[in-house]
Amino acid sequence: MTDILDLGGRVALVTGAGQGVGRQIALHLGGAANSGGVVVNDFVLERAEAVAEEIRAAGGKALALQCDVSNQAAVKEMVAKGSSDLGAIGVLVNNAGNAGATPSADARLPFWETGPEVWQTFLGVNLYGVINCTGAVIPGMIARQAPGRIVTIISDAGRWGDANMEIYAAGKAGAAGFMRSVARTLGRYGITANSVAIALTATPAVERTLNGDPERLKRQMEKYIIRRPGRPDDVANMVLFLSSDASSWITGQVYPVNGGFTFAL
């Protein structure tokens, strides 16, 4: 029986893949049918190396590369190195996010009390990082003359808005709009571009916070139809689908993986 989640030999690049959701996405893609291998990116090389070793230990191919995705020159070097070692990138997963590699100490202040130097910590990774990585892989994807896949992890903050997360939400919403336009431009080459919007997801860091405040978790879960936080594999399953041959006629979309989250004031 044919595996509909076949990657068609495509090499994947997953940004921010040293931990949490990104780690699970890299593991899923590394173990998928006909995977060409995974370039595991993280700002901390040791984290990327650990995930790459997990993929190799399971029989896959992986290369760990350090890079701050907000740095366009560094991104181009990373893509060139990954393409040289594993082959042209056929799947890009823009996962790096949050407040970037070097968050500002003022990032939690109301945005109107800060300025561009603080806003850039969010926009640099969540918007410009997506633009940098997407722009760096497109020439190689076109040259491959084979189907390509671009998937960007956004947030429900970028779909609904979220109090006290204005600049982060702006970056995520911008990334989703960018993906929709990229989809229109690249469809003629068989390259699809989609976004996955996630809500509260139980990464190790989030779990440590929630486990210490069960009442807070209960209040948050009242907004969800499925009353549990998401898991990294919930997100990775959707990313694998959108990276596979099964999604060849799907592009320019935003897929919520959010347990039926309903926005409420």
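Above this text is the structure in question.
Analysis parameters
Residues numbered from 1 in each chain as written. Predicted model: local features only at pLDDT ≥ 70, side-chain atom pairs only at ≥ 80, totals over all residues. Heavy atoms only, no water. Helix = DSSP H or I, 4+ residues; strand = E, 2+ residues; numbered from the N terminus. Buried < 20%, exposed > 50% of the residue type's maximum accessible area, 1.4 Å probe, protein only. Polar contact = N/O pair within 3.5 Å; in protein donor to acceptor, adjacent residues only side chain to side chain. Contact = heavy atoms within 4.5 Å. Disulfide = S-S within 2.5 Å. Right-handed = clockwise from strand over helix to strand, strands pointing away. Phe/Tyr/Trp six-rings, centres within 6.5 Å; stacked < 30°, edge-to-face > 60°. Pairing = 2+ DSSP bridges. Axes fitted to C-alpha atoms, helices over the stretch in contact; angles between N-to-C directions. Parallel < 35°, antiparallel > 145°, perpendicular 65-115°, else oblique. Left-handed = near helix turned anticlockwise from the far one by under 90°. Nonpolar A, V, L, I, M, F, W, Y, C, P; charged D, E, K, R; others polar.

Chemist: Explain the side chain of Ser155 to me, using residue names and the numbers behind them.
Modeler: In this structure, Ser155 sits in strand β5 (residues 148–155). Residue classification places Ser155 among the buried residues on the basis of a relative accessible area of 10%. A distance of 2.9 Å separates a polar atom in the side chain of Ser155 from the backbone nitrogen of Ala157. Beyond its immediate chain neighbours, meaning those up to four positions away, Ser155 contacts Tyr168, Lys172, Ala197 and Ile198.

Chemist: Mind laying out the state of the cysteines, listing which residues take part and the relevant values?
Modeler: Disulfides are covalent bonds that link the sulfur atoms of two cysteine residues. Under the counting rule described, the total for this entry stands at 0 disulfides. Sulfur of Cys133: no disulfide; nearest cysteine sulfur belongs to Cys67 and is 6.4 Å away.

Chemist: So what's going on with helix α1 (residues 20–30)? Residues and values would help.
Modeler: It helps to recall that an α-helix has 3.6 residues per turn; residues three or four apart then point in one direction. The buried fraction of α1 amounts to 10 of the 11 residues, a majority that puts the element mostly inside the structure. For α1, every residue scored as buried is listed here: Gly20, Val21, Gly22, Gln24, Ile25, Ala26, Leu27, His28, Leu29 and Gly30.

Chemist: With reference to specific residues and values, describe the pairing of strand β3 (residues 62–66).
Modeler: For β3, a buried count of 4 out of 5 residues is recorded, marking the element as mostly surrounded by other parts of the structure. The handedness of the strand β2 (residues 38–42) to β3 crossover, carried by helix α2 (residues 45–57), is right-handed.

Chemist: Which residues make up the packing of aromatic side chains, and what values go with them?
Modeler: All told, the structure shown has 4 aromatic pairs when counted by the stated rule. A centroid spacing of 5.5 Å and a plane angle of 80 degrees characterise the contact between Phe111 and Trp112, whose relative ring orientation is edge-to-face. On the basis of relative accessible area, Trp112 is assigned to the exposed category, the value being 60%.

Chemist: Give me the pairing of strand β6 (residues 191–198): which residues, what numbers.
Modeler: Side-chain positions along a regular strand alternate between the two faces of the sheet. The buried fraction of β6 is high, at 8 of 8 residues. The alternating pattern of β6 places Ile191, Ala193, Ser195 and Ala197 and Thr192, Asn194, Val196 and Ile198 on opposite faces, both of which are buried. Pairing of β5 with β6 involves 8 bridges; the strand directions are parallel. Bridging from a neighbouring strand, Thr152 pairs with Ser195 of β6.

Chemist: Just give me the short version of the sheet that holds β6, but keep the residues and values in it.
Modeler: Taken in spatial order, the 7 strands of this open sheet run β3-β2-β1-β4-β5-β6-β7, and their pairing is parallel. Here the strands that pair on one side only, and so sit at the sheet edges, are β3 and β7 (254–257). Averaged over all pairs of adjacent strands, the angle between strand axes in this sheet comes to 20 degrees, irrespective of strand direction. Strands in contact with helix α4 (residues 116–144) are β1 (11–14), β4 (89–94), β5 and β6; relative to β4, the strand with the most contacts, it is inclined by about 165 degrees.

Chemist: Requested: an account of the packing of helix α3 (residues 72–86) against α4, with residues and values cited.
Modeler: In contact at an axis separation of 9 Å, α3 and α4 are set at 40 degrees when each is read in the N-to-C sense. If you check the angle between α3 and α4, you find them oblique. Handedness of the crossing formed by α3 with α4: right-handed. Each of Gln72, Val75, Lys76 and Val79 in α3 lies in contact with α4, whose residues at this interface are Asn132, Cys133, Ala136 and Val137. A class-by-class count of the residues in the contact of α3 with α4 yields 5 nonpolar, 2 polar and 1 charged.

Chemist: Just give me the short version of the side chain of Ser247, but keep the residues and values in it.
Modeler: With respect to the helices and strands, Ser247 occurs in the loop between α9 (232–243) and β7. Once residues within four sequence positions are removed from consideration, Ser247 is found in contact with Arg149, Thr192, Phe241 and Leu242.

Chemist: An account of the environment of Val75 is needed here, citing residue identities and associated values.
Modeler: Structurally, Val75 is set in helix α3. Classification of Val75 as buried rests on a relative accessible area of 0%. Note: C-alpha distance between Val75 and Phe43 (32 residues apart in sequence) is 11 Å. Excluding residues within four positions of it along the chain, Val75 makes contact with Cys67, Asp68, Val69, Asn132, Cys133 and Ala136.

Chemist: A description of the environment of Phe178 should follow, citing residues and the corresponding values.
Modeler: Mapped onto the elements of the fold, Phe178 is located in helix α6 (residues 166–186). Residue Phe178 is classed as partly exposed on the basis of its relative accessible area, which comes to 23%. For the pair formed by Phe178 and Arg23, sequence separation is 155 residues and the distance between their alpha carbons is 24 Å. If we ignore the near neighbours within four places in the chain, the residues touching Phe178 are Val130, Ile131 and Thr134.

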